[in-house]
Amino acid sequence: MSKARKTAIVLCLVVFLVSGWMVGRYYIGNIVEDRELTGMEPSGSDAGSRMEKLYEENDDFVGWLKIPGTSVNYPVMQSDKEEPEYYLYRDFRKEPSEIGVPFADVGSDTEKSRNILIYGHNIKSGQVFHDLLGYEEKSFWKEHRTFTFNSVDHGKRRYEVVAAAYTRIYPQDSGAFKYYDYAYIGDKDTYKEYVNGVLDMACYDTGIRPGYGQKLITLSTCAYHTENGRFIVLARELSKR
């Protein structure tokens, strides 16, 4: 074997090992960050006081989202209009992060709006909102029909998934239905328009149609079926408990 061939093999091996180390570091880092976030869950008899403590630590904290049977079990943050995507790559303590923290759209007033729009990364290693894509199948929906959002302002509320849909971010001048333009819903006509828009593009019919008196939560994550693809899950409030 020539010296040049041996050198090429060694270089390939080095590149392979370094690449493997970097990928491993990425996945392990994501898992560590994820466990740190989920470990903050305010549960048990002292859940209320733990919610208050989280808010004292960071007043951008607006609630806790949990979908039983999935990896979705996270704090939800909300920054100001100057940096609306602040938590896209920052953790609860505002430090740089690969996976970020789910965050509410700055337009979603958690008290007044009929819709709370929450964004989260679709991390390939399974963290944050990756599991939302399971809702593309009706069988998954049947097994994960409800979830809870424990709000700092309003306590724990239970939601039922109404629809799941693939969509995308459209050019600003497009006349297509843009779910992200409905972060705030304050009147009946806008509510109806939004619900109809989501149901029209739903992956399947759940037979559920929200009524204006019911608050909505929309969960949004990236999808790769098209350029600037998104996957959303719409849910309606059932009851407070």
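Cut-offs applied
- Residues numbered from 1 in each chain as written.
- Predicted model: local features only at pLDDT ≥ 70, side-chain atom pairs only at ≥ 80, totals over all residues.
- Heavy atoms only, no water.
- Helix = DSSP H or I, 4+ residues; strand = E, 2+ residues; numbered from the N terminus.
- Buried < 20%, exposed > 50% of the residue type's maximum accessible area, 1.4 Å probe, protein only.
- Contact = heavy atoms within 4.5 Å.
- Expected span 1.5 Å × (residues − 1).
- Arc of directions from axis to C-beta.
- Polar contact = N/O pair within 3.5 Å; in protein donor to acceptor, adjacent residues only side chain to side chain.
- Salt bridge = Lys/Arg side-chain N within 4 Å of Asp/Glu carboxyl O.
- Core = buried A, V, L, I, M, F, W, Y, C linked by side-chain atoms within 4.5 Å.
- Pairing = 2+ DSSP bridges.

Participant: I tried to follow the overall build of the protein chain on my own but got confused; where do I start?
Facilitator: Regarding its fold elements, the protein chain presents four helices and eight strands. Each of the 241 residues in the protein chain was classed as buried or not, and the buried ones make up 44%. Counted over contacts in the protein chain with a minimum sequence separation of 6, partners at least 24 positions apart contribute 62%.

Participant: What's the story with helix H4 (residues 188–200) in this structure? I'm lost.
Facilitator: The α-helix advances 3.6 residues per turn, and as a result positions three or four apart in sequence lie on the same side. End to end, H4 covers 18 Å across 13 residues, agreeing with the expected 18 Å (1.5 Å per residue, within 8%). Listing the buried residues of H4 in full gives Tyr-191, Tyr-194, Val-195, Gly-197 and Val-198. For H4, the angular spread of buried residues about the axis comes to 160°, placing them on one side. Turned more than 90 degrees off the buried face of H4, the exposed positions are Lys-188, Asp-189, Lys-192 and Asp-200. Measuring from the backbone nitrogen of Asp-189 back to the side-chain oxygen at the start of H4 gives 3.1 Å, which picks out Asp-187 as the cap.

Participant: In this structure, what is going on with the pattern of salt bridges? I would like to understand it.
Facilitator: Think of it this way: side chains of opposite charge can pair up when their charged atoms draw near. In this structure the tally under the stated criterion is five salt bridges. With a closest N to O distance of 3.0 Å, Lys-66 and Glu-41 form a salt bridge. Of this pair, Lys-66 sits in strand S1 (residues 61–66) while Glu-41 sits in the loop between helix H1 (3–38) and helix H2 (47–57), and the two are 25 residues apart along the sequence. Residue classification places Lys-66 among the partly exposed positions, given a relative accessible area of 30%. Classification of Glu-41 as buried rests on a relative accessible area of 18%. By sharing partners, the salt bridges in this structure join Arg-145, Glu-160 and Arg-236 into a single network.

Participant: Please clarify how the nonpolar core should be interpreted in this entry.
Facilitator: Note that soluble globular proteins tend to have their nonpolar side chains buried in a common cluster. Core analysis: the biggest nonpolar cluster contains 60 residues, and Leu-132, Tyr-135, Phe-147 and Leu-219 have the highest contact counts within it. With six residues, strand S6 (residues 155–168) is the largest single contributor of residues to this core. Each residue touching Phe-147, except ones within four places of it in the same chain, is listed here: Leu-65, Lys-66, Ile-67, Pro-68, Arg-157, Arg-158, Tyr-159, Val-161, Ile-217, Leu-219 and Ala-235.

Participant: How should I be thinking about the pairing of strand S5 (residues 146–151) in this particular structure?
Facilitator: Looking down a regular strand, the side chains alternate between one sheet face and the other. Across the six residues of S5, five count as buried, placing the element largely inside the fold. In this sheet, S5 lies alongside S1 in antiparallel orientation, the contact comprising four bridges. Note on S5: the bridge partner recorded for Lys-66 is Thr-148. One ladder, built from six bridges, connects S5 with S6; its direction is antiparallel. From the neighbouring strand, Phe-147 faces S6, where its bridge partner is Tyr-159. Taken together, S5 and the strand that follows it, S6, pair antiparallel across an intervening segment of three residues.

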